[in-house]
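# Inside the fold
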Amino acid sequence: MKTLSSLTTLAAVLAALFLAGCGKKDPSGAAAPSAPAVAARAVPTEGRTVEVVGNDSMKFNVTEIRVKAGEAIALTLKNAGTMPKFSMGHNLVLIENGVKLSDFTSDASQAVKADYVPAKYAAKIIAHTKLLGPGESDTVLFYAPKQVGRYDFLCTFPGHFQVGMKGVLIVD
Ligand SMILES: [Cu+2]
């Protein structure tokens with residue numbers, strides 16, 4: 001098991017190096033397209049409304065969202081709290097399966113300038129809202145994954161996931 005896990009880690013590192021290399025200039029001199037900050041995903045122009053509220057207790061009012069495979073969703077997060085954004089900001093980040101949440105939240109907590117949405121996971125993030133201060137809200141449009149399953153969403157403000165600011169998107 002240990003060997004397999006090491007091999008998996010090695011494969012992930014190699015894949016990361018390969019991807020990093022892709023962002024560099026083409027040695028042939030051709031202009032390489034600049035790497036997008038967020039992986040290119042088709043975004044619907046409208047979708048079924050889903051509303052989630054976060055608060056100063058570091059909880060979402062909805063912890064299960066049921067969607068159909070591939071369904072267009074317009075997800076709104078509202079911050080109903082009153083504490084300032086720098087100490088109690090909230091976002092909602094929906095991620096693909098296969099991401100180790102402890103690693104993800106650790107990296108997210110370091111990504112202060114990116115509002116705690118770590119760029120290295122761009123390809124693994126299905127959708128995310130802005131980081132919201134008290135009374136603010138943000139809506140993101142996205143297509144639900146085509147694959148049936150359970151997908152984690154969480155607030156990546158440091159510490160919030162650990163006290164339960166999370167939920168699951170259920171695709172069926
Ligand atoms: Cu939060």
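As recorded in an unreviewed UniProt entry, the protein chain goes by Azurin and comes from Nibricoccus aquaticus.

A word on the coordination of the copper ion. Looking at the copper ion, one finds its protein donor set to be His-90 (ND1), Cys-155 (SG), His-160 (ND1) and Met-165 (SD), positioned 2.1 to 2.6 Å from the metal centre. Of note is the copper ion, whose four donor atoms meet at the metal with angles of 86 to 133 degrees in an arrangement that counts as tetrahedral. Between consecutive donors of the copper ion, the numbers of intervening residues give the motif H-x64-C-x4-H-x4-M. Taken together, the residues span a long stretch of sequence, with His-90 in the loop between helix H2 (85-88) and strand S4 (93-95) and His-160 in the loop between strand S7 (149-154) and strand S8 (166-171) at a distance of 70 residues. The exposure class assigned to His-90 is buried, which follows from its relative accessible area of 0%.

Before going further, it helps to examine helix H3 (residues 101-110). Every buried residue of H3 is accounted for by Leu-101, Phe-104, Thr-105 and Ala-108. All buried residues of H3 project into a common sector of 90 degrees when viewed along the axis, lining one side. On its buried face, H3 sits against S4, strand S5 (125-128) and S7.

This next bit is on the side chain of His-160. The class for His-160 is buried, based on a relative accessible area of 3%. If we skip the residues at most four places from it in the chain, His-160 touches Met-58, Met-88, Gly-89, His-90, Cys-155 and Met-165.

Parameters at a glance
- Residues numbered from 1 in each chain as written.
- Predicted model: local features only at pLDDT ≥ 70, side-chain atom pairs only at ≥ 80, totals over all residues.
- Heavy atoms only, no water.
- Donors = N, O, S within 2.8 Å, 3.2 Å for Na, K, Ca; no water.
- Tetrahedral: all angles 85-135°; square planar, octahedral: opposite > 155°, others 65-115°.
- Helix = DSSP H or I, 4+ residues; strand = E, 2+ residues; numbered from the N terminus.
- Buried < 20%, exposed > 50% of the residue type's maximum accessible area, 1.4 Å probe, protein only.
- Arc of directions from axis to C-beta.
- Contact = heavy atoms within 4.5 Å.

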